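Structure at a glance
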Amino acid sequence: MRWTSCLLVCAALASALLTGCDAGEVLDPEDSGAGPTATETSDAAELESALAIGETFEGAASTTVEAIFRGEGAEEWLPAGANFEWLAATVRTCVSAGGSGTEIGWYQWAATGADGGWYPADLDYDRDLPTGQYPRLTELAPGECAEGRILIAVPRDAELVTLVNSDQAGVPQGSWLIGDIGVPAAIGGE
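Position numbers for residues count from 1 along each chain, tracking the sequence in the order it is written. pLDDT decides what is reported in this predicted model: residues at 70 or higher carry local features, side-chain atom pairs at 80 or more are listed and counted, and totals for whole chains, interfaces and linings draw on all residues regardless. Processing note: side-chain calculations cover all non-hydrogen atoms of the structure and skip hydrogens and water entirely.

The subject of this paragraph is the state of the cysteines. Working definition: a disulfide is two cysteine sulfur atoms within 2.5 Å of each other. Overall, the coordinates contain 1 disulfide when judged by the stated rule. Paired through a disulfide, C94 and C145 show a sulfur-sulfur distance of 2.0 Å. Judged by the sign of its S-S torsion, about 115°, the cystine formed by C94 and C145 is right-handed. Of this pair, C94 sits in strand 3 (residues 84–94) while C145 is found in strand 8 (residues 145–155), placing the two residues 51 residues apart along the sequence. A simple rule labels every residue: compare its accessible area, found with a 1.4 Å probe on the protein chains alone, to the largest value its type can have, and call it buried under 20%, exposed over 50%, or partly exposed in between. Residue classification places C94 among the buried positions, given a relative accessible area of 18%. On the accessibility criterion, C145 (36% relative accessible area) is partly exposed. Put simply, DSSP marks the helices as runs of H or I at least four residues long and the strands as runs of E at least two long, and each gets a number from the N terminus on.

Dropping the structure here:
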């Protein structure tokens, strides 16, 4: 009996304590007391740390985005899918003479959109045009460099913000601001 009484008292005490507890106040995002969300803070930090076209990211390899073009191509190398166009980036990657060999390839590249869209390089593109393509997949030895174009199929109406390079595990390492080239032509881009 004594055990049962103890359980009942504990249950009543727990109930009284929990009744006064609140899950917390739900804040309205438009309320001036609400700060930026974690995503907004993260996005802002990523944009602040993004490189300009022509700048170099130093990691396992030195990677430079030399140029970005939108809407490039001829009939022979149109992207698959209606309402898509190419974003073409000219990229140079080098491994220092004292560095370790590293794998590079198209799979490490993507563009991001203002709406949060993620557009990876087109790994299925298997044509020879344009000439001077970045290696699809290769191992760079110490002292070696690779340079060429990477093609990313993007929706014609997407506003593009950054070009992202990830490591072999898919972790973003360097990102470059796309700038005015990212604005769709229909809205006033180049």
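The salt bridge criterion pairs a side-chain nitrogen of Lys or Arg with a carboxyl oxygen of Asp or Glu, the two atoms within 4 Å. Tallying each qualifying case throughout the model produces 3 salt bridges. The shortest N-O distance in the salt bridge between E85 and R156 comes to 3.5 Å. A residue pair is termed long-range when its members are at least 10 positions apart, and E85 in strand 3 and R156 in the loop between strand 8 and strand 9 (160–166) qualify at 71 residues. One salt-bridge network, held together by shared partners, links R70, E85 and R156.

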